Amino acid sequence: MNIRLSEAPNETAAPVPEPALFGFDGPAGCILGRGPARRLEPGNAATLQSRISAALAAAAPDDLIGGSLPFDREADDCLWQCARADTPAPTGIAPQGLPLVDWQLRAEPSAQVYAASVARALDIMEQEAGSADALAKIVLARTLLVEAPAPIPVEALMSRLHADRSVTAFRVALPSGPDHPQGRMLCGATPELLIEKRGRQIASHPLAGSARRLADPVADRAAAEALAQSDKDHREHALVVESILDTLAPHCRELGCPEGTRVTSTRSMWHLGTRIEGRLRDDSTPSVLLASALHPTPAVCGMPMARAADLIRKLEPVARDFYAGAVGWCDANGDGAWYVAIRCAEISGRQARLYAGAGIVPGSDPMAEAAETGAKFGAFLAALGLPQDAGLAGVARRNGEN
Ligand SMILES: C=C(O[C@@H]1C=C(C(=O)O)C=C[C@H]1O)C(=O)O
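Residues numbered from 1 in each chain as written. Predicted model: local features only at pLDDT ≥ 70, side-chain atom pairs only at ≥ 80, totals over all residues.

Filter applied, for reference: UniProt positions are given in the numbering used here, feature names are shortened, and annotations may be inferred rather than shown by experiment.
Per an unreviewed UniProt entry, the protein chain goes by isochorismate synthase and derives from Paracoccus kondratievae. One UniProt comment on the protein chain, placed under Sequence similarities (unreviewed entry), says "Belongs to the isochorismate synthase family." Turning to the protein chain, the UniProt record has this under Catalytic activity (unreviewed entry): "chorismate = isochorismate".

**Focus on the sheet that holds strand E12 (residues 207-212)**
Heads up, the rule is: Pairing between strands is defined by DSSP: at least two bridges between the two strands are required. Helix numbers and strand numbers start at the N terminus; a helix is a DSSP run of H or I with at least 4 residues, a strand a run of E with at least 2. As a rule, the C-alpha atoms of each element are fitted with a line to give its axis, helices using only the stretch in contact, and angles between N-to-C directions run from 0 to 180 degrees. We call two residues in contact when their backbone-placed C-beta atoms lie within 7 Å.
On the basis of which strands lie adjacent, the open sheet formed by three strands has the order E12-E15-E14 and antiparallel pairing. Because the sheet does not close on itself, it has two edges, and the strands there are E12 and strand E14 (261-265). Going across the sheet, the axis of each strand differs from the next one's by a mean of 25 degrees, ignoring polarity. As paired elements, E14 and strand E15 (residues 269-274) share five bridges and run antiparallel to each other. Counted as the bridge partner of threonine 264 is histidine 271 from E15. Here helix H5 (residues 231-248) sits on the sheet in contact with E12, E14 and E15, set at roughly 150 degrees to E12.

**Quick notes on the site of the ligand**
As a reminder, the rule being used: In this analysis, residues qualify as near a molecule or strand once their C-beta atom, positioned from backbone atoms, comes within 6 Å of it. As a working rule, the residues Ala, Val, Leu, Ile, Met, Phe, Trp, Tyr, Cys and Pro are called nonpolar, Asp, Glu, Lys and Arg charged, and the rest polar, with Gly in that last group.
Neighbouring residues of the ligand: 18 residues in total, closest Ser210, Ala299, Ile342, Gly357 and Gly359. Mapped by element, the contributors of at least two residues to the shell around the ligand are strand E7 (137-147), E12 and strand E21 (351-360). With five residues, E21 is the single largest residue contributor to the shell around the ligand. Grouping the constituent residues of the shell around the ligand by class yields 10 nonpolar, five polar and three charged.

**Topic: the UniProt feature "domain: Chorismate-utilising enzyme C-terminal" (unreviewed entry) in the protein chain**
Per the UniProt entry, the sites bearing "domain: Chorismate-utilising enzyme C-terminal" (unreviewed entry) are residues 112-376 in this numbering. Helix makes up 32% of residues 112-376 and strand 34%, and the two end C-alpha atoms of the span are 17 Å apart.

**Looking at the packing of helix H1 (residues 48-57) against helix H6 (residues 287-294)**
Our working definition: Roughly parallel refers to an angle under 35 degrees, roughly antiparallel to one over 145, roughly perpendicular to one between 65 and 115, and oblique to any angle outside these ranges.
The geometry of H1 relative to H6 is characterised by a closest axis approach of 10 Å and an angle of 170 degrees between their N-to-C directions. When the interaxial angle is binned, H1 and H6 end up roughly antiparallel. Residues Leu48, Gln49 and Ile52 of H1 lie in contact with H6, whose contacting residues are Val288, Leu289 and Ser292. In the contact of H1 with H6, the residues fall into four nonpolar, two polar and no charged.

**A look at the pairing of strand E19 (residues 336-340)**
What counts here: Comment: burial labels come from other C-beta atoms within 10 Å of the residue's own C-beta, placed from the backbone, where a count of 20 or more is buried, 12 or fewer is exposed, and between is partly exposed.
Taking burial as the measure, the five residues of E19 include five buried ones, the bulk of the element. Residue alternation in E19 divides its side chains into two sets, Gly336, Trp338 and Val340 and Ala337 and Tyr339, and both sets are buried. Bridging between strand E10 (residues 193-198) and E19 involves four bridges; their strand directions are antiparallel. Paired with isoleucine 195 across the bridge in E19 is tryptophan 338. Direction of pairing for strand E18 (residues 326-331) relative to E19: antiparallel, over a ladder of five bridges. By the bridge assignment, alanine 326 is partnered in E19 with valine 340. Connecting the antiparallel pair E18 and E19 is a turn made up of four residues, with glycine 334 showing a positive phi of about 95 degrees.

**Quick word on the confidence of the model for the protein chain**
Filter applied, for reference: Values of pLDDT, which run from 0 to 100, indicate the predictor's confidence residue by residue.
Per-residue confidence for the protein chain gives a mean pLDDT of 91; residues scoring 70 or more make up 90%. Residue range residues 5-16 is modelled with pLDDT below 50. Its contacts to residues more than four positions away, or to other chains, number 22 contacts. The low-confidence segment residues 89-95 (pLDDT under 50) makes 21 contacts with residues lying over four places distant or belonging to another chain. As scored by the predictor, the complex reaches a pTM of 0.93 and an ipTM of 0.99.

Right under this line is the structure:
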């Protein structure tokens, strides 16, 4: 798809601050890590504990460790250690104009091919139904490759993503290499808290079960009510909550879901969400290790986890890399917050690769899941200044949807 916008948005120019290696701005406040920094020796999930213990033992009191854990637990992470930056939140930065004309968009795979993969996963679930290791849920993702006429201005993008105060806007620098001479980063606006730790107190806020928000307020409310009543979405959600509770229980003295499951929202999506709160037995476990123990939850992978991860590798044509991993930060005491790396894109120079996935359980409808992923691209597309529904190309609309 080739999109030509007649006018670039007219926004105030502002001085460009030194880029942050990682930054998080959301309901929990703003955290920035700027250089000078060192990258922790890269490694996979199995080696994280020893690398983190060594880094924290040598950390200065105001040091932060922040960055990104990849989706694949066998792949190398990208974590940076640096001083906490004493800088105003990106909210204070006026967005610069985005030179947005002549963008190219390509769905990889197309909505139709994605729907065929969903149908394949549903067939596997049906064949296996009743067996001990049966696939109960899988999250399948697709991507939109966006090419801009000029390098994408990340600071402006961050302020636009942060305009939705229900999400945490984030950016994390990723390893660059010969394929990315202009550097590479993961930017997004995640609505999903994987784990937050302050002393002994921990919280997680998994989301699963989604509906697209609609411009008409009556239809929008009806979409939220339908989600609240949907048996398929509650099944999809319950698997995530149970898995998180199972993983956290051995670490906790108290653990529960004080508010139960509720419909929550961002500007573009409704979700089922359950806030989990707990009190750790031992407050010395760093937040990044709790994040790694939880990751990947069935909100982004599936159940059983290893089966779902294996099938994801076979059915998704584009590697996830750091999408659907965990992004966050941890201070010298181990306190910090880690988020599920969704509603995001990998950005390098003029290119952005947007990712979106949807949870598939028996009863899912392949085209509806393709539409859900299309809707999940919406917030990021809008932040780029592109039409919010550009990701819905090739997807049949349902009654009441605009
Ligand atoms: C996988 C994504 O989202 C996840 C999947 C959801 C679902 O299937 O309903 C909802 C929220 C997220 O946990 C994504 O946005 O890419």
